[in-house]
Amino acid sequence: MKLNFCSLSSGSSGNCYYLGNEFHGILIDAGISATSIRKFLKNMDISMQTIMGVLITHNHTDHIKGLEVLIRKNSLPAFTSNKIWKSILSPRNKISTDCIREIPLMKKFHLAGFDIEAFPVCHDAPETIGFHICAGDKKITIATDLGHICQTAAPYIRAANLLVIESNYDEQMLANGSYPHFLKARIKSDHGHLGNHQTSAFLADNISDNLNIICLAHLSKNNNTPELVLQSLQKTFSERGIALNRQQQISVLNRNMPTDMIRLTE
Ligand SMILES: [Zn+2]
Ligand SMILES: [Zn+2]
């Protein structure tokens, strides 16, 4: 079975991820324009016809900016919880009821050959979810906006073979930066975002041989750099004496352009 993943865009300016098998694909979030999504997929020889739906994590613009146009133009269903739909739908947007699919939390549903489970995370939206996606014996977890890793979310994150996890800000850059105090407090709070040290510490505490690919995601434009993300992780791992095995790889997802396709199976 073929299983491919790539990030089309990841960060506070827009998020969209692709997961596909040999027949179909799904998108997770649509926080960049529908035109960019179509263009990026085309560059990777992925036809929009093979996309079977879009999973939505929450109502922040960096996750739904392109949603309305994307699902309207391509007659795609979009999947999220009842509470998140209520926070997205408004008289201003033209999302057709035909495209709306409500999903339960922590209960599997099936789409495009994938078994998918949504789990709640702590973030400052009316509701925010991560996704745990199983394809054969491979497990993918996506958790991009969370102030801390709560007990509900942790098992889904630990179970992943491929993990997309937020490493949003460098603690020092945020503290010394120009954001107003209330915004710094919001970002650092339990309902804000994960900082580099938080993510590194969680990974150091929980890394196992099953976790083959770690994608560090949703970097802040103003308060982080890919180098600082990697430095934080390498420092924490070396302090704890953690060495990666030869199958394990770590990458920092680009903020504004697609990554190379990550192949989980050939
Ligand atoms: Zn976000
Ligand atoms: Zn958010």
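This report concerns the structure included in the present document.

## As for the coordination of the zinc ion (ligand 2)
Part 1: Here the zinc ion (ligand 2) is held by H58 (NE2), H60 (ND1), H123 (NE2) and D145 (OD), and the distances to it run 2.1 to 2.6 Å.
Part 2: In this structure, the zinc ion (ligand 2) is coordinated by four donor atoms arranged in irregular fashion, with angles at the metal of 91 to 169°.
Part 3: Of note, the donors binding the zinc ion (ligand 2) are all from one chain and are spaced H-x1-H-x62-H-x21-D.
Part 4: Here the zinc ion (ligand 2) and the zinc ion (ligand 1) are spaced 3.4 Å apart, linked through D145, which binds each one. Taken together, the residues H60 in the loop between β4 (51-55) and α2 (61-64) and D145 in the loop between β10 (138-143) and α5 (154-158) connect sequence positions 85 residues apart.
Part 5: Classification of D145 as buried rests on a relative accessible area of 3%.

## Some words on the side chain of H58
Part 1: Locating H58 in the fold gives a position in the loop between β4 and α2.
Part 2: Here the side chain of H58 touches H123 through a polar contact of 3.4 Å, side chain to side chain.
Part 3: In contact with H58, other than residues within four places in its own chain, are D29, H63, I64, I84, H123, A125, E127, T128 and D145.

## Some details on the coordination of the zinc ion (ligand 1)
Part 1: Surrounding the zinc ion (ligand 1) are the protein donor atoms D62 (OD), H63 (NE2), D145 (OD) and H218 (NE2), which sit 2.1 to 2.2 Å from the metal.
Part 2: Counting residues between consecutive donors of the zinc ion (ligand 1) along the chain gives the motif D-H-x81-D-x72-H.

## Digging into the pairing of strand β9 (residues 128-135)
Part 1: Within β9, eight of the eight residues are buried, which leaves the element mostly enclosed by the surrounding structure.
Part 2: The two faces of β9 match: T128, G130, H132 and C134 on one face and I129, F131, I133 and A135 on the other face are all buried.
Part 3: Hairpin connection of strand β8 (residues 114-121) to β9: six residues between the antiparallel strands.
Part 4: Two elements, β9 and β10, share five bridges in a ladder whose sense is antiparallel. Of the residues in β10, the one forming a bridge with F131 is I142.
Part 5: Hairpin remark: β9 followed by β10, antiparallel, with two residues in the connecting loop; positive phi at G136, about 60°.

## Structural notes on the environment of L105
Part 1: As for its placement among the helices and strands, L105 is situated in the loop between β6 (100-102) and β7 (109-111).
Part 2: Residue class for L105 comes out partly exposed when judged on its relative accessible area of 29%.
Part 3: In this structure, the C-alpha to C-alpha distance between L105 and L67, residues 38 residues apart in sequence, is 21 Å.
Part 4: Beyond its immediate chain neighbours, meaning those up to four positions away, L105 contacts S81, A118, P120, E127 and I129.

## Here we look at unusual backbone geometry
Part 1: Of note in the backbone geometry, D45 takes a positive phi value of approximately 60° without being a glycine.
Part 2: Along the chain, D45 falls in the loop between α1 (34-43) and β4.
Part 3: Relative accessible area serves as the criterion here: at 74%, D45 is assigned to the exposed category.
Part 4: A positive phi angle, close to 55°, is found at M106, a residue other than glycine.
Part 5: On the secondary structure map, M106 appears in the loop between β6 and β7.

## Comments concerning the sheet that holds strand β11 (residues 162-166)
Part 1: Strand order in the open sheet formed by seven strands is β7-β8-β9-β10-β11-β12-β13, with mixed pairing between adjacent strands. Every other strand in the sheet has two partners, leaving β7 and β13 (249-252) as the edge strands with one partner each. The mean inter-strand angle of the sheet, taken between neighbouring strand axes irrespective of direction, is 20°.
Part 2: As paired elements, strand β12 (residues 213-217) and β13 share four bridges and run parallel to each other. Across the sheet, C215 pairs through a bridge with S251, a residue of β13.
Part 3: Against the sheet, helix α9 (residues 226-239) makes contact with β12 and β13, and its axis sits at roughly 150° relative to β13, the strand it touches most.

## Things to note about the side chain of S232
Part 1: Mapping S232 onto the fold places it in helix α9.
Part 2: Under the relative-accessibility criterion, S232 is labelled buried at 8%.
Part 3: In this structure the side chain of S232 is engaged in a polar contact, spanning 3.4 Å, whose partner is the side chain of H197.

## Considerations on the sheet that holds β6
Part 1: The strand order β6-β5-β4-β3-β2-β1-β14 describes an open sheet built from seven strands, whose pairing is mixed. The open sheet has two free edges, formed respectively by β6 and β14 (262-265), since each of these has just one partner strand. The average undirected angle you get between the axes of adjacent strands in this sheet is 25°.
Part 2: Inspection of the sheet shows strand β5 (residues 78-80) paired to β6 by three bridges, in the parallel sense. Among the inter-strand pairings, T80 is bridged to a residue of β6, identified as E102.
Part 3: Along the sheet, α1 contacts β1 (3-9), β2 (16-21), β3 (25-28) and β4; its crossing angle with β1, the most-contacted strand, is approximately 140°.

Parameters at a glance
- Residues numbered from 1 in each chain as written.
- Chains lettered and ligands numbered in written order.
- Predicted model: local features only at pLDDT ≥ 70, side-chain atom pairs only at ≥ 80, totals over all residues.
- Heavy atoms only, no water.
- Donors = N, O, S within 2.8 Å, 3.2 Å for Na, K, Ca; no water.
- Tetrahedral: all angles 85-135°; square planar, octahedral: opposite > 155°, others 65-115°.
- Helix = DSSP H or I, 4+ residues; strand = E, 2+ residues; numbered from the N terminus.
- Buried < 20%, exposed > 50% of the residue type's maximum accessible area, 1.4 Å probe, protein only.
- Polar contact = N/O pair within 3.5 Å; in protein donor to acceptor, adjacent residues only side chain to side chain.
- Contact = heavy atoms within 4.5 Å.
- Pairing = 2+ DSSP bridges.
- Axes fitted to C-alpha atoms, helices over the stretch in contact; angles between N-to-C directions.

Purely geometric stuff here, so don't read any function into it on its own.
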